[in-house]
Every structure is written in structure tokens, then in C-alpha cells.
Amino acid sequence: MEKTKVLFVSQEIMPYLPESEMSKVGRYLPQGIQEKGKEIRTFMPRYGCINERRNQLHEVIRLSGMNLIIDDTDHPLIIKVASIQAARMQVYFIDNDDYFHRKKVLLEDDGQAFADNDERAIFFARGVLETVKKLRWAPDVVHCQGWFTGLLPLYLKKAFNEDPLFTDTKVVFSMYDDEFPSTFSSDFAEKSLIEGVNAEDVKVLENADYLAINKLAIDWSDAVIMGSPSINEDLLAYAKASGKTFMEYKNGEEYVQAYSDLYDSLVSE
């Protein structure tokens, strides 16, 4: 029997970003799942604060070079990779000079989100899926962690669903306590449209804020996980009412086994 393949798409991963609830899971979950006999791939954005020399990132020329058009503008897709030797795992980074070379991650010093975070999220989601296609690697499960990955479930289910690599892929989305007060640009929904996605699919983005992109991810996922012990109450209620498989928060000693069991149950459906 073939190994179950799990694609992790994470907003934050240690040691490339400082330790947080999300970055710790981003670092240790893939290792734990790999140690349970599953095959993994891991992706994150190449934020400008990540020191390429210290972390030994290098560009993967055969995967780079594609242009992604967002809001009628071409944006070159650059793929880099680094290894976490202790975990025997690689991390792929989605990079672009326009979107990922500033020294901050997703928020300004005052806690406001960057004005182009909508385009950055679109570019990241599309970049991950296009790169997985180039790798010719068919994931059984895609586990998205954090609001910045929120477009991936939609694109998988609507735009890439006829690709043989993704026809049977299940999607898991982890919500975290990483809320911010600012809104996205008013045309976020329009910018997010690609072939296979229509305006009705992204209707929730008409009020484009933190809650909206999380709700979009929930709408198009097969399972939702409470990644933090405390979550926005509106979001939590939305997830529980969605009819999707829902998992309550699991602590550091429980989550690897719990998530592994969840993947198995989704794949066997």
C-alpha cells in the first residue's frame, strides 16, 4: 500500500520565523507525520525577514520562472528550498520581489495588515499549487495553517480539481488566534477570480476582512481544526455550523496523533 501523502502549507514555520503557536506546529507537525510513515512536502512564504544565508536557502531553478498574473500584472514565481536537518525534511519557499522582500511578515508595526496582503495571499496559494504540479506529486491531504493560506482550499476544489494530481485531494484548514483589525482591499474578491472560480464562490470576500478569508477557507475545506485554544467566537460558531468535520484544540502532546488519525479518516472516505 502506498504511503499517504500530506502537503503542509503554513503561514509560519520555525526556525525561519520566531517561535509562536503556529510556527511550532508548522515545524514539528510535518516531522511527526513523516515519522508516522507518511510522505510529506512543506511550503511557506519567503518573507523578507528570513535570512537566506543563515538558513541556507537556495533557488530551485527547474521550479522557478513561471509568471502569475494578478490584477492584470505579471509577477514572477521564484521557488527556494532549505532543509531542517534534525527533522530530515525540506521546506519550499514561495518568493517574489514585489510581495515578499519587505522585512515584516504580514502586519505593519502598528498591527495593521499590509495593503497588498490580498494579492500576496493569492500569489502564495497559486504559487504553491503550480509548484506541486511541477513536482508531479499528488497529495492525498493538503493541510493549510493560518489565514494567509485561506485561498488554497477554494483553488484546490474549483480551479485545480480536474488536474489528476488533485482530483481526490482532501483539504484540512487550521484556524489560529491571529486576528488583525484592518480590512483587505475592496476588490479582493474580484482579484481572486481565476479560471474555474466564479463570483459566487468568493461572495464571502465582499466584506473582505480577517473573518471573511477564514470563512472562505472553511467553506471549501473538508475538515477544520481549532489550532489555538482560543478562537474568535464568530469564526468558531461558523466552523461548527458548517457541517465540516471539526476538531477541537489539541495540545502539544496530542496533536500529531490526532491529526494523523484525521488524515487517515479523510483519505478512507
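About the thresholds
- Residues numbered from 1 in each chain as written.
- Predicted model: local features only at pLDDT ≥ 70, side-chain atom pairs only at ≥ 80, totals over all residues.
- Heavy atoms only, no water.
- Helix = DSSP H or I, 4+ residues; strand = E, 2+ residues; numbered from the N terminus.
- Rg over C-alpha atoms; globule rule 2.2 N^0.38 Å.
- Buried < 20%, exposed > 50% of the residue type's maximum accessible area, 1.4 Å probe, protein only.
- Contact = heavy atoms within 4.5 Å.
- Lys, Arg positive; Asp, Glu negative; His and termini not counted.
- Charge placed at Lys NZ, Arg CZ, Asp CG, Glu CD.
- 1 Å grid on protein atoms, 1.4 Å probe; cavity = no way out; pocket = protein on both sides within 12 Å on 5 of 7 lines; lining within 4 Å.
- Points joined across faces, edges and corners; volume = space filled by probe spheres on them.
- Pairing = 2+ DSSP bridges.
- UniProt positions renumbered as here; feature names shortened; annotations may be inferred.
- Polar contact = N/O pair within 3.5 Å; in protein donor to acceptor, adjacent residues only side chain to side chain.
- Expected span 1.5 Å × (residues − 1).
- Axes fitted to C-alpha atoms, helices over the stretch in contact; angles between N-to-C directions.

- As recorded in an unreviewed UniProt entry, the protein chain goes by starch synthase and comes from Ancylomarina subtilis.

### Here we look at the overall build of the protein chain
Here is step 1 of the chain: Summing up its helical and strand segments, the protein chain has nine helices and 11 strands in all.
Here is step 2 of the chain: Computed over its C-alpha atoms, the radius of gyration of the protein chain comes to 17 Å, within 12% of the 18 Å expected for a compact globule of 269 residues.
Here is step 3 of the chain: With the C-alpha coordinates aligned to their principal axes, the bounding extent of the protein chain is approximately 45 × 45 × 40 Å.
Here is step 4 of the chain: Per-residue burial over the protein chain gives 57% buried out of 269 residues.
Here is step 5 of the chain: Put simply, 70% of the contacts in the protein chain that link residues at least 6 apart link residues at least 24 apart.
Here is step 6 of the chain: If you average the places of the 30 positive and of the 45 negative side-chain charges in the protein chain, the two averages end up 7 Å apart.

### Points about the layout of surface pockets
Here is step 1 of the chain: Empty space within the largest pocket amounts to approximately 190 Å³.
Here is step 2 of the chain: Lining the largest pocket we find Gln 11, Glu 12, Cys 49, Lys 103, Lys 104, Val 105, Leu 106, Leu 107, Trp 147, Asp 178, Glu 179 and Phe 180.

### What about the pairing of strand 8 (residues 141–145)?
The two faces of the sheet receive side chains in turn, since in a regular strand these alternate between them.
Here is step 1 of the chain: In terms of burial, strand 8 is largely enclosed, as five of its five residues are buried.
Here is step 2 of the chain: In this structure, strand 1 (residues 5–10) lies alongside strand 8, joined through five bridges in parallel fashion. Bridged to Val 6 within strand 8 is Val 141.

### Section: the UniProt feature "domain: Starch synthase catalytic" (unreviewed entry) in the protein chain
Here is step 1 of the chain: Per the UniProt record, "domain: Starch synthase catalytic" (unreviewed entry) is found at residues 5–238.
Here is step 2 of the chain: Annotation note: span residues 5–238, helix share 30%, strand share 22%, distance between end C-alpha atoms 29 Å.

### Things to note about the side chain of Gln 145
Here is step 1 of the chain: Summarising the element assignment, Gln 145 is placed in strand 8.
Here is step 2 of the chain: With a relative accessible area of 0%, Gln 145 lands in the buried category.
Here is step 3 of the chain: A polar contact of 3.5 Å, which involves the side chain of Gln 145, links it to the side chain of Ser 10.
Here is step 4 of the chain: Excluding its chain neighbours within four sequence positions, the residues that come into contact with Gln 145 are Phe 8, Val 9, Ser 10, Gln 11, Met 22, Val 25, Gly 26, Leu 29, Ser 174 and Tyr 176.

### As for the environment of Glu 206
Here is step 1 of the chain: By the element assignment, Glu 206 lies in the loop between helix 6 (188–191) and helix 7 (210–220).
Here is step 2 of the chain: Look at Glu 206 and you get exposed, because its relative accessible area is 53%.
Here is step 3 of the chain: Sequence separation between Glu 206 and Ala 189 is 17 residues, and the spatial gap between their C-alpha atoms is 6.2 Å.

### Focus on helix 9 (residues 255–267)
Here is step 1 of the chain: Compared with an ideal rise of 1.5 Å per residue, which puts 13 residues at 18 Å, helix 9 spans 18 Å between its outermost C-alpha atoms and is within 8% of the ideal.
Here is step 2 of the chain: Where helix 9 is buried, its residues meet strand 1, helix 1 (21–35), strand 8, strand 9 (170–175), strand 10 (223–226) and strand 11 (245–247).

### Notes on the pairing of strand 1
Here is step 1 of the chain: Counted residue by residue, strand 1 has six buried out of six residues, so it is predominantly covered.
Here is step 2 of the chain: Side-chain alternation along strand 1 places Lys 5, Leu 7 and Val 9 on one buried face and Val 6, Phe 8 and Ser 10 on a second face that is also buried.
Here is step 3 of the chain: Sheet topology places strand 1 next to strand 2 (residues 39–45); five bridges connect them, and they run parallel. Pairing of Val 9 across the sheet is with Phe 43, part of strand 2.

### Description of the sheet that holds strand 2
Here is step 1 of the chain: One open sheet accounts for nine strands, arranged 3-6-7-2-1-8-9-10-11; its pairing is mixed. Each having just a single partner strand, strand 3 (58–59) and strand 11 make up the two edges of the open sheet.
Here is step 2 of the chain: Examined bridge by bridge, strand 3 and strand 6 (residues 78–84) share two bridges and lie antiparallel to one another. Bridge pairing in strand 6 places His 58 opposite Val 81.
Here is step 3 of the chain: Helix 7 rests against strand 9 and strand 10 of the sheet, and its axis sits at about 150° to strand 9.

### Digging into the environment of Tyr 238
Here is step 1 of the chain: Tracing the sequence through the fold places Tyr 238 in helix 8 (residues 233–241).
Here is step 2 of the chain: Classification of Tyr 238 as partly exposed rests on a relative accessible area of 28%.
Here is step 3 of the chain: Here the alpha-carbon distance between Tyr 238 and Leu 205, two residues 33 residues apart in the chain, equals 15 Å.
Here is step 4 of the chain: When sequence neighbours within four positions are dropped, the list of residues in contact with Tyr 238 reads Lys 215, Ile 218 and Asp 219.

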